[in-house]
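# Overview (structure and organization)
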Amino acid sequence: MSSVSIPVRLSGVTKRYGDIVAVDYLDLEVKCGEVLGLLGPNGSGKSTTIKMILGLVKPDSGFVDVFGMNVQEHPVEVKRLIGYVPESPRIYEFLTGLEFLDLIGDIYGLPLKEKRERILKYLRALGLEGREGDLISSYSRGMKQKIIIISALIHRPKLLLLDEPLTGLDPRSARIVKDLIRELASEGVTVILSTHVLEIAEAMCDRIAIMFEGRLLAIGTMEELRRTAEMPSSDLEDIFLKLTGEEDIKPIIEALLK
Ligand SMILES: Nc1ncnc2c1ncn2[C@@H]1O[C@H](COP(=O)(O)OP(=O)(O)OP(=O)(O)O)[C@@H](O)[C@H]1O
Ligand SMILES: [Mg+2]
């Protein structure tokens, strides 16, 4: 397969913060049109990995390629192809929802008519129609998250990097976003999605990557993970806990109750 047709390739990628190895010699290849779930305990390197794919964080060593382009050498071209939902979004609270989305659409150079049509379509789908003229500072947490999600989608990216995207969304909106992500993937959009909600990963992802202390513990379909963990009929929670060595939860609870 030519490297241009591989949406994301990490080769021997390492990122350190002082003594902490956030990502430890990571190799990862993501296929076109797949939804890859990125799982792992707090601090295991998921967000750092996502930021390196986007080019926000520079690896200490190794290479990150997006559609065959080195991310450090082609920072703007790569960002044009990506939609990003950060785990802690920074959003201009003093703009209205519509002004913010207009600004994002302009940054991506969308023609006016197309931009407005897409923004309104998304606002309507996520139940924000009628509130687009209000200041973002007056929005609830979930409403702000919806604006961030819309801002990641309006330029029709070929690669979506979603860091805990469903945080704060009500069940109906979460369902709409989940179905939309799957639909986009079936049209060839590649998705990397980090989540702690294992049911979401199990239901949505073609493959699941489990990170632990900056390394990849396992990657594969649910069937492949079951084989890796030697747990033929288990769900993702049991597999996750086994692979990440957190099965001794009972003694922890007992110690806390003493
Ligand atoms: N800017 C930074 N400065 C110092 N250390 C950092 C920085 N960013 C991340 N780290 C460290 O790198 C490690 C990996 O962090 P990262 O945010 O990638 O984890 P994560 O898997 O996304 O965790 P979570 O599930 O809590 O979101 C952690 O030990 C974290 O403290
Ligand atoms: Mg994170």
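Here the structure is a predicted model, which is why all the values come from computation and not from measurement.

Once the domains are mapped, the protein shows domain 1 (3–81 + 158–257) and domain 2 (89–156). Summarising the inter-unit geometry, the C-alpha centres of domain 1 and domain 2 are found 26 Å apart. Taken together, the contact pairs 15 residues of domain 1 with 13 residues of domain 2. Interface area for domain 1 against domain 2, summed over the two sides, is near 1,000 Å², with a carbon-plus-sulfur share of 66%.

The residue aspartate 24 is located in strand β2 (residues 20–30) in this model. Considering only alpha carbons, one finds aspartate 24 and serine 61, 37 residues apart in sequence, at a separation of 9.7 Å. Excluding its chain neighbours within four sequence positions, the residues that come into contact with aspartate 24 are Val13, Thr14, Glu213, Gly214 and Arg215. Side chain to side chain, aspartate 24 and arginine 215 meet in a polar contact 3.4 Å long.

Unlike most non-glycine residues, arginine 156 shows phi in positive territory, near 50 degrees. Within the secondary structure layout, arginine 156 lies in the loop between α5 (141–153) and β7 (159–163). Within the chain, glutamate 213 stands out as a residue other than glycine whose phi angle is a positive 50 degrees. Owing to a relative accessible area of 48%, glutamate 213 belongs among the partly exposed residues under this scheme.

As a further point, take the site of ligand 1. Close to ligand 1 lie 13 residues; Gly43, Lys46, Ser47, Thr48 and His196 are nearest. Glycine 43 has a polar backbone atom sitting 2.8 Å from an oxygen atom of ligand 1. Expressed as a share of its isolated accessible area of 630 Å², the protein-covered part of ligand 1 is 64%. For the shell around ligand 1, the elements supplying multiple residues, two or more each, are β2 and α1 (46–54). Examining the composition of the shell around ligand 1, we find that three residues originate from one element, α1, more than from any other. For the shell around ligand 1, the class distribution of residues is four nonpolar, seven polar and two charged.

Conventions used here
- Residues numbered from 1 in each chain as written.
- Chains lettered and ligands numbered in written order.
- Predicted model: local features only at pLDDT ≥ 70, side-chain atom pairs only at ≥ 80, totals over all residues.
- Heavy atoms only, no water.
- Domains from an automatic or database assignment.
- Contact = heavy atoms within 4.5 Å.
- Buried area = accessible area lost by both parts, 1.4 Å probe.
- Helix = DSSP H or I, 4+ residues; strand = E, 2+ residues; numbered from the N terminus.
- Polar contact = N/O pair within 3.5 Å; in protein donor to acceptor, adjacent residues only side chain to side chain.
- Buried < 20%, exposed > 50% of the residue type's maximum accessible area, 1.4 Å probe, protein only.
- Near = heavy atom within 4 Å.
- Areas by Shrake-Rupley, 256 points an atom, 1.4 Å probe, with all protein chains shown as cover.
- Nonpolar A, V, L, I, M, F, W, Y, C, P; charged D, E, K, R; others polar.

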